[in-house]
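# Residue-level structure breakdown
Next come the chains, spelled out residue by residue.
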Amino acid sequence: MPDHPLVIGHAAWAALAAPPPGITFAREEGRLDPAEYTAVVRASGLVRPVDDAARMAAMVASSNLIVTARDEAGRLIGAARSFTDFAYGCYLSDLCVNPAGQGRGIGRGLIAETKRIIGPGCMLLLLSAPDPMSWYPKLGMERVANGFIIRRDG
């Protein structure tokens, strides 16, 4: 039995999709500045190839769902970068929040907004780095063990 209750169903997740006060969520695929994205990834500590500008730009350009969190001044403080068919499956590849915005519900809100957008017939999957493995269950996400990987060379 999980330590925290699971959030079950699309409607329950969609209800959590409201941004915290002073934060705006938006879809920005196709228009997010890769340098701005790289800066928030770097600040968050998410391990990505932040010193490879071309690779980061390709990651942003090739994602078909990017939900951002911006503060009142329009500064990017968080993002959820995903690949989805909007019908059956969604892989949330990157979830990052600048440390200055952490602890305000922005990460959970970005996940919930992503789920709201993809709809009730689409599952959301993410693979976690070791450190946040205990964080996702606290949000109400279900842990899964079935999966396989062929690792990238670099």
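As shown above, the structure is provided for reference.
Reading the values: rules and limits
Residues numbered from 1 in each chain as written. Predicted model: local features only at pLDDT ≥ 70, side-chain atom pairs only at ≥ 80, totals over all residues. Heavy atoms only, no water. Helix = DSSP H or I, 4+ residues; strand = E, 2+ residues; numbered from the N terminus. Rg over C-alpha atoms; globule rule 2.2 N^0.38 Å. Buried < 20%, exposed > 50% of the residue type's maximum accessible area, 1.4 Å probe, protein only. Contact = heavy atoms within 4.5 Å. Areas by Shrake-Rupley, 256 points an atom, 1.4 Å probe, with all protein chains shown as cover. Phe/Tyr/Trp six-rings, centres within 6.5 Å; stacked < 30°, edge-to-face > 60°. Disulfide = S-S within 2.5 Å.

## A short note on the overall build of the protein
For the protein, the count of helices and strands is five helices and five strands. Going from N to C terminus, the protein has its helices and strands arranged as α-β-α-α-β-β-β-α-β-α. For a compact globule of 154 residues, the expected C-alpha radius of gyration is about 15 Å, and the protein comes in at 15 Å, within 12% of that figure. Referenced to the eigenvectors of the C-alpha coordinate spread, the extents of the protein come out at roughly 40 × 40 × 30 Å. By the burial criterion, 40% of the 154 residues in the protein qualify as buried. In the protein, once contacts between residues fewer than 6 apart in sequence are set aside, the share between residues at least 24 apart is 61%. Per element, the accessible surface of the protein, about 8,900 Å² overall, is 57% carbon and sulfur.

## Focus on the side chain of Thr 114
If you trace the backbone, Thr 114 turns up in helix α4 (residues 106–118). What Thr 114 contacts, discounting residues up to four positions off in sequence, is Leu 65, Val 67, Ala 80, Ser 82, Cys 90 and Leu 124.

## Describing unusual backbone geometry
The phi torsion at Phe 86 lies on the positive side, around 60°, for a residue other than glycine. Relative to the helices and strands, Phe 86 is located in the loop between β3 (76–84) and β4 (89–97).

## Focus: the packing of aromatic side chains
As enumerated under the stated definition, the model contains one aromatic pair in all. Here Trp 135 and Tyr 136 contribute two aromatic rings whose centre-to-centre distance is 5.0 Å and whose plane-to-plane angle is 70°, an arrangement assigned as edge-to-face. Overall, Tyr 136 belongs to the buried group, its relative accessible area being 12%.

## Overview of the state of the cysteines
Across all of its chains, the model carries zero disulfides by this definition. Cys 90 carries a free sulfur, and the closest cysteine sulfur to it, the one in Cys 122, is 5.7 Å from it.

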